[in-house]
Every structure is written in C-alpha cells, then in structure tokens.
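# Secondary and tertiary structure notes
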Amino acid sequence: MPETRKAIIIGAGPAGLAAALRLHQQTNIKCTVYELRSSPTTLGGAIGIQPNGLRLLHRLDVLDAAVSRGYGGRNLTMHSLQGHVVGSMDHVGWARGKTGFGYLRIKRRDLQEVLLEEVEKVGIPVRFGKKLVKIDDRVDEVSVVFEDGDTDSADLLLGCDGIHSFVRRTHIDPTQMAEYSGLSGIMSIVPAETVSSEVMDQISGLEATLTEEGMMALNPCTASKDELFWFFTKEVPLPESGDSRDGWEVHGKEEVQGFKDMLLDVLKNAQGDWGNMLKKIVSSTSVVKFYPIYRLPLGKAWSKGRCVLVGDAAHAMSPHAGQGVSMALEDVFLLSRLLKDETRPLCDVFEKYDAIRRPRVNEIFKMATENGEMRKKSTSWGLWFKEMKVSVGLNISWLLGLDLKGARQGHLVYDIDKVEL
Ligand SMILES: Cc1cc2nc3c(=O)[nH]c(=O)nc-3n(C[C@H](O)[C@H](O)[C@H](O)COP(=O)(O)OP(=O)(O)OC[C@H]3O[C@@H](n4cnc5c(N)ncnc54)[C@H](O)[C@@H]3O)c2cc1C
C-alpha cells in the first residue's frame with residue numbers, strides 16, 4: 001500500500017483551490033488549503049477565461065457550474081469614440097472548433113465559489129483567516145506557522161499566494177519583487193438595465209473602445225446577461241496613496257466621483273448611441289475598484305527544498321492576454337501529473353515542472369506585455385493610427401479567413417496534459 005503524502009497549500013485563489021482538486025483527483029496527496037482572508041470573498045471584478053483554461057476547468061468537474069454563472073459571448077468588437085464599429089471577430093472561434101471550449105467571462109467571486117464548492121464536496125479542508133508568517137523547510141518535512149500561532153507540517157508546500165507571495169519573498173527568492181507595469185485598471189460591475197435593451201442587444205461579447213487615455217471595455221459577466229462588467233486601463237504613475245499593491249475598492253461618494261469625473265472627461269468626445277451609453281455606464285457606477293497592475297520579472301526561481309510556486313506567485317503577468325487563471329491551471333495540472341509518480345524525488349519533479357512551464361510562460365508573458373501597448377496613452381493621431389491598425393488587422397484577417405485558420409489562437413489550443421514528461 002503506497003504511503004499517503006501531505007501537502008500544505010498557501011492561498012485559496014484559483015491556483016490553490018484548483019491544485020487541491022487536481023491533487024485529490026490524481027494523487028494520494030492529502031491537501032490542506034490555508035487562506036489569509038477571513039472568508040471566501042474576493043474584491044469585485046470579472047475575469048475572462050479562454051479555451052485552454054476552460055478545458056482544464058472541465059477536467060476539474062467545475063466547468064458546468066462556472067458556465068451556469070458566467071457569460072459565454074463570442075465576439076471581440078472594437079468601437080471608436082465616434083460611435084462606429086472599427087472591426088469585429090470571433091476571437092476564439094478557431095480554438096473553439098479545435099477544442100470544443102470557447103470563452104467565459106465570470107465574476108471572480110463566482111469562480112471562487114464554484115471551485116470552493118467542489119473542494120468542500122470532495123472533503124478537502126480549507127482554513128480561512130490563516131496568514132502564513134513562517135516557513136521551516138527541512139530535509140524530512142516542511143513546517144509552517146500562522147499569525148494566530150497555529151502550525152502544520154507536510155511533505156511539500158505549494159505557494160499559491162499570489163503576486164506578492166510570502167512563500168516567494170521570504171523563502172524561495174527574496175530578491176524577486178513585483179514591479180509596477182505603468183498601467184492601472186479601473187473597473188466596476190453595473191446592472192444591465194443601466195443601458196437600453198436596444199444597446200444591450202448589440203453587446204455580443206467583449207466590446208472595447210479606444211480613447212487617447214487608454215482602453216475602455218465592457219462585457220456581460222452573468223449567464224442571464226443581467227450584469228455588465230466594465231474596465232478602463234490607463235497609463236498612470238504608481239499611486240502614492242491607498243493599498244497600492246493589491247488595489248482597493250472605492251465606496252466613498254467623493255472618491256468614486258473623482259474617478260467618474262476623470263473617466264467622463266476621457267469620454268467627453270464620445271459620440272452617438274455608443275458614446276452616450278459609455279458615459280451613462282460610468283455615471284451610474286456606485287463602487288469603483290482601482291487596480292495598479294504589477295508583474296514579476298521573468299527567469300527567477302520557482303522552487304526551493306520542499307516548496308514550489310504556482311500561478312501568480314511564480315509568474316504574475318499583466319492581464320492583457322487574459323491568461324492568468326489559465327496559466328495557473330496549467331501549472332497545477334503539470335505539477336499534479338509529475339507528483340503522481342511517488343517514487344520521483346521532489347527535486348526532480350520541480351526541475352521538470354520548471355523546464356516544461358518556463359517557455360510557455362515566457363511566450364504568454366510577452367504576448368500580454370505587447371497587448372498592453374494598445375492601452376497606453378496616445379495623441380489624437382496616435383489614436384487614429386491604432387484604430388487603423390486594428391481595423392486593417394481585423395478586416396484583413398476576416399477577408400483572408402486568417403481567424404478561421406487560427407491566426408493568434410495557437411496558444412489557446414495548448415493542452416498541458418498532452419505534454420510529454
Ligand atoms: C486587473 C486584473 C484583471 C485580470 N483579468 C484577468 C482575466 O480576464 N483573465 C485571466 O485569466 N486572468 C486575469 N487576471 C489575472 C488573474 O486574476 C490571476 O492570474 C489569478 O487570480 C491568479 O490566481 P492565483 O491563485 O495564482 O493568485 P490570487 O488570485 O492572487 O490568489 C492568491 C491567494 O493567496 C492568498 N494569500 C496571499 N498571501 C497569503 C499568506 N501569507 N497566507 C495565506 N494566504 C495568502 C490571497 O489572499 C489570495 O486569496 C487579471 C488580473 C488583474 C490584476
């Protein structure tokens with residue numbers, strides 16, 4: 001009878017919960033998840049998950065529950081401030097054909113709940129209000145101490161504790177610090193009834209509008225299309241106030257009004273029904289989330305001793321490739337496959353994990369950084385040029401059928417379970 005192994009998972013975000021589920025499905029490793037927050041809440045917002053990530057949610061048996069909550073629209077449509085459509089395409093159409101999985105925009109909280117429900121269903125313990133403060137990584141075991149004095153020990157530890165990872169900063173590589181990308185996001189979720197039903201009928205997915213200051217996009221984020229997620233990405237110097245590392249939610253009337261005034265100024269030249277709708281959405285917003293976007297420099301260590309980093313803790317990137325959650329899921333699936341073989345020494349598992357994940361992560365990181373350029377400040381000529389580029393790109397792609405041939409979608413059909421170990 002093989003000996004049961006034990007893992008401590010730090011962080012109950014997408015990486016931590018998915019890791020607990022996959023290890024439960026595939027290995028004899030018993031996990032306990034420890035989460036800093038006192039309850040399963042996350043700050044607002046909604047995330048887009050692409051085919052490579054949806055396929056893995058399906059294998060975790062949580063996709064149906066996620067789809068029943070999120071919105072699966074097909075198109076990416078680019079609008080101009082003058083109110084016309086610059087171009088439109090089914091941005092995951094080819095990948096959907098190849099994989100059977102499309103695109104899902106889901107509220108962070110809903111994704112978290114779906115994963116958590118499954119974790120609870122299979123009986124994996126999740127301890128909330130547990131802030132990790134000490135790691136002792138020894139030859140025979142790793143032990144941890146939490147702020148409230150609780151302790152635990154295990155055969156291995158997964159640092160799934162996000163971009164400002166304690167596991168990374170204090171144990172794996174204290175020199176590896178997150179850097180500000182120069183861009184910040186402002187976002188909120190509003191009831192769909194904020195906009196007229198005629199406008200709502202035109203919204204079939206991710207609707208983006210370029211402005212001189214950055215990009216404003218909106219996307220329904222519930223299955224019934226009754227809530228609209230909007231976000232605006234803008235180049236700003238690193239803010240001096242607030243919790244600049246993790247972003248913060250703004251409820252105060254005056255502060256919210258400050259963000260709204262700034263956005264309404266950016267949108268002052270927006271015209272037509274589309275422009276008016278954007279202004280109406282901003283005006284009706286009552287809570288704003290402000291999020292400075294950080295990323296981790298590439299090429300640093302991901303493991304040490306019995307500890308390994310997973311998801312954003314290892315390779316947080318700017319969100320403009322829409323791949324953060326999918327990257328975390330791919331990490332989890334590979335690690336779990338490697339850990340299935342209990343005769344394989346941990347150092348060998350971590351080395352292989354690094355060798356397989358590194359090129360893939362570097363490729364997606366580069367893509368995310370390039371996509372971020374589109375969100376940077378420009379002059380009115382610069383904006384015209386960007387719109388032309390998008391228009392030519394989308395229309396040529398459509399004319400030549402490049403989207404049907406999978407141009408810029410190759411990374412979405414990648415299947416981590418098919419990678420040779
Ligand atoms: C503005 C923005 C938009 C984004 N949009 C998308 C998108 O559309 N699609 C997409 O795929 N990705 C998107 N991402 C990226 C995505 O959110 C992340 O890649 C994903 O959340 C990573 O999951 P994770 O579990 O690794 O980390 P996290 O989600 O950060 O979870 C880490 C968890 O660890 C906990 N923790 C931290 N420290 C400790 C400690 N000391 N002890 C115990 N627990 C601790 C935290 O409380 C948290 O719950 C976006 C990111 C940003 C900033």
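Sequence order as written defines the numbering, with residues in each chain counted from 1. Reporting in this predicted model follows two pLDDT cut-offs: at least 70 for local features of residues, and 80 or more for side-chain atom pairs to be given and counted; totals over whole chains, interfaces and linings ignore these cut-offs and use all residues. Values shown for side chains rest on all heavy atoms present in the structure; no hydrogens or waters enter the calculation.

Naming follows an unreviewed UniProt entry, where the protein appears as FAD-binding domain-containing protein of Penicillium atrosanguineum.

### Description of helix α5 (residues 108–121)
Stated precisely, the cut-off is as follows: Every helix listed is a DSSP run of H or I at least four residues long, and every strand listed is a run of E at least two residues long, numbered separately from the N terminus. A helix is expected to reach a length of 1.5 Å times the quantity of its residues less one. Whether a residue is buried, partly exposed or exposed follows from its accessible area with a 1.4 Å probe, protein chains only, as a fraction of its type maximum: under 20%, in between, or over 50%, in that order.
For α5, with 14 residues, the first-to-last C-alpha span of 20 Å sits near the 20 Å given by 1.5 Å per residue. Turning to α5, its buried residues are Asp110, Leu111, Gln112, Val114, Leu115, Leu116, Glu118 and Val119. Immediately downstream of α5, the backbone of glycine 123 shows phi near 85°, a positive value.

### Examining the site of the ligand
Short version of the rule: In this text, near means that some heavy atom of the residue lies within 4 Å of the molecule or strand in question. Distance and chemistry together define a polar contact, namely a pair of N or O atoms within 3.5 Å, with one atom able to donate a hydrogen and the other to accept it when in protein, and with adjacent residues in sequence counting only for side-chain atoms on both sides. Residues are grouped as follows: Ala, Val, Leu, Ile, Met, Phe, Trp, Tyr, Cys and Pro are nonpolar; Asp, Glu, Lys and Arg are charged; all remaining types, including Gly, are polar. Where each domain starts and ends follows an automatic or database-derived domain assignment.
Not every one of the 29 residues close to the ligand is listed here, only the nearest: Glu35, Gly48, Arg108, Asp312 and Val325. Contact distances for the ligand include 2.8 Å between a nitrogen atom and a backbone N or O atom of glycine 48. Glycine 324 is positioned with one of its backbone polar atoms (N or O) 3.2 Å from an oxygen atom of the ligand. Split into classes, the residues belonging to the shell around the ligand amount to 13 nonpolar, 8 polar and 8 charged. Summarising the domain contributions, the shell around the ligand has at least three residues from each of domain 1 (1–39 + 128–178 + 299–375) and domain 2 (42–108 + 181–295 + 378–421).

### Here's the deal with the packing of helix α1 (residues 14–26) against α5
Heads up, the condition is: A fitted line through C-alpha atoms serves as each axis, taken over the contacting stretch for helices, and the angle formed by two N-to-C directions is quoted from 0 to 180°. Any angle from 65 to 115 degrees is called roughly perpendicular, while one under 35 is roughly parallel, one over 145 is roughly antiparallel, and all others are oblique. Less than a right angle of anticlockwise turn of the near helix away from the far helix marks a crossing as left-handed, whereas a clockwise turn marks it as right-handed. In what follows, residue pairs with any heavy atoms lying within 4.5 Å of each other are defined as contacts.
One way to put it is that α1 packs onto α5 with a least axis distance of 10 Å and a crossing angle of 25°. Judged by the inter-axis angle, α1 sits roughly parallel to α5. Crossing angle aside, the handedness with which α1 passes α5 is left-handed. The segment α1 lies against α5, with Pro14, Leu17 and Leu21 engaging Leu111, Gln112, Leu115, Leu116, Glu118 and Val119. For the contact of α1 with α5, the residue count by class is 7 nonpolar, 1 polar and 1 charged.

### So, the side chain of aspartate 415
Examined against the element boundaries, aspartate 415 turns out to sit in the segment after α13 (380–399). Looking at aspartate 415, its side chain comes within polar contact range of the side chain of arginine 59, at 2.9 Å. With residues near it in sequence (within four places) discarded, aspartate 415 still touches Arg55 and Arg59.

### Focus on the nonpolar core
Stated precisely, the cut-off is as follows: To define a nonpolar core, start from buried Ala, Val, Leu, Ile, Met, Phe, Trp, Tyr and Cys residues and group those joined through side-chain atoms within 4.5 Å.
Counting residues in hydrophobic clusters, the biggest one holds 78 residues, and the most contacted among them are Leu57, Leu60, Leu158 and Leu335. Counting contributing residues per domain, this core is built from domain 1 (1–39 + 128–178 + 299–375) and domain 2 (42–108 + 181–295 + 378–421), each supplying no fewer than three. Beyond its immediate stretch of four places on either side in the chain, leucine 60 contacts Ala18, Leu21, Arg22, Gln25, Leu115, Glu118, Leu329 and Phe333. Counting residues in each nonpolar core, the second largest holds 25 residues, with Leu263, Trp274, Met277 and Val282 among its members.

### Some thoughts on the pattern of salt bridges
Stated precisely, the cut-off is as follows: Salt bridges are counted wherever a side-chain nitrogen of Lys or Arg sits within 4 Å of a carboxyl oxygen of Asp or Glu.
Tallying each qualifying case throughout the model produces 28 salt bridges. Close ionic contact of arginine 360 with glutamate 330 constitutes a salt bridge, the shortest N to O distance being 2.9 Å. With a gap of 30 residues between them, arginine 360 in helix α12 (residues 346–373) and glutamate 330 in helix α11 (residues 324–340) connect regions that are remote in the sequence. The exposure class assigned to arginine 360 is buried, which follows from its relative accessible area of 4%. A salt bridge links aspartate 331 to arginine 357; its shortest N-O distance comes to 2.6 Å. Linking aspartate 331 in helix α11 with arginine 357 in helix α12, this pair joins segments that are 26 residues apart in sequence. You'll find aspartate 331 and arginine 357 in the same group, each marked buried.

### Brief notes about the sheet that holds strand β8 (residues 132–137)
For clarity, the cut-off: In this analysis, strands are considered paired if DSSP registers two or more bridges between them.
In spatial order, the strands read β8-β9-β10; together these 3 strands make up an open sheet with antiparallel pairing. This sheet does not close on itself; its edge strands, each paired only once, are β8 and β10 (151–154). The average angle at which neighbouring strand axes cross in this sheet is 20°, direction not considered. Pairing geometry for strand β9 (residues 142–146) and β10, over 4 bridges, is antiparallel. Bridge pairing in β10 places valine 142 opposite alanine 154.

### Quick word on the sheet that holds strand β7 (residues 126–127)
The mixed open sheet is built from 6 strands, whose spatial order is β7-β2-β1-β11-β19-β18. The strands lining the two open edges of the sheet, one partner per strand, are β7 and β18 (303–304). Relative to strand β2 (residues 29–34), strand β1 (residues 5–10) runs parallel, the two sharing 6 bridges. Within β2, the residue paired with arginine 5 across the bridge is isoleucine 29. On top of the sheet, α1 reaches β1, β2, β7 and β11 (156–159); it is set at about 165° to β2, its chief contact.

### Concerning empty space enclosed by the protein
Condition: Buriedness of a pocket was judged along seven lines, with at least five required to meet protein on both sides within 12 Å; pockets are open sets of points on a 1 Å grid over the protein atoms alone, cavities are sets where a 1.4 Å probe fits but cannot get out, and lining residues have an atom within 4 Å of a point. Grid points are joined across faces, edges and corners, and a volume is the space filled by probe spheres set on the points.
Using the criterion set out here, one finds 1 cavity of 30 Å³ or more in the structure. As for the largest cavity, its lining consists of Gln176, Pro297, Leu298, Gly299, Lys300, Trp302, Ala314, His315, Arg358, Val361 and Asn362. Elements that contribute at least two residues to the lining of the largest cavity include exactly α10 (312–315) and α12. Of the residues belonging to the lining of the largest cavity, the class tally is 5 nonpolar, 4 polar and 2 charged.

### Re the packing of helix α2 (residues 51–59) against α11
Taken N-terminus to C-terminus, the directions of α2 and α11 make an angle of 50°; their axes are 8 Å apart at the nearest point. Overall, the two elements α2 and α11 adopt an arrangement that is oblique. The hand of the α2/α11 crossing is left-handed. On α11, the residues that touch Asn52, Gly53, Leu56, Leu57 and Arg59 of α2 are Ser326, Met327, Leu329, Glu330 and Phe333.

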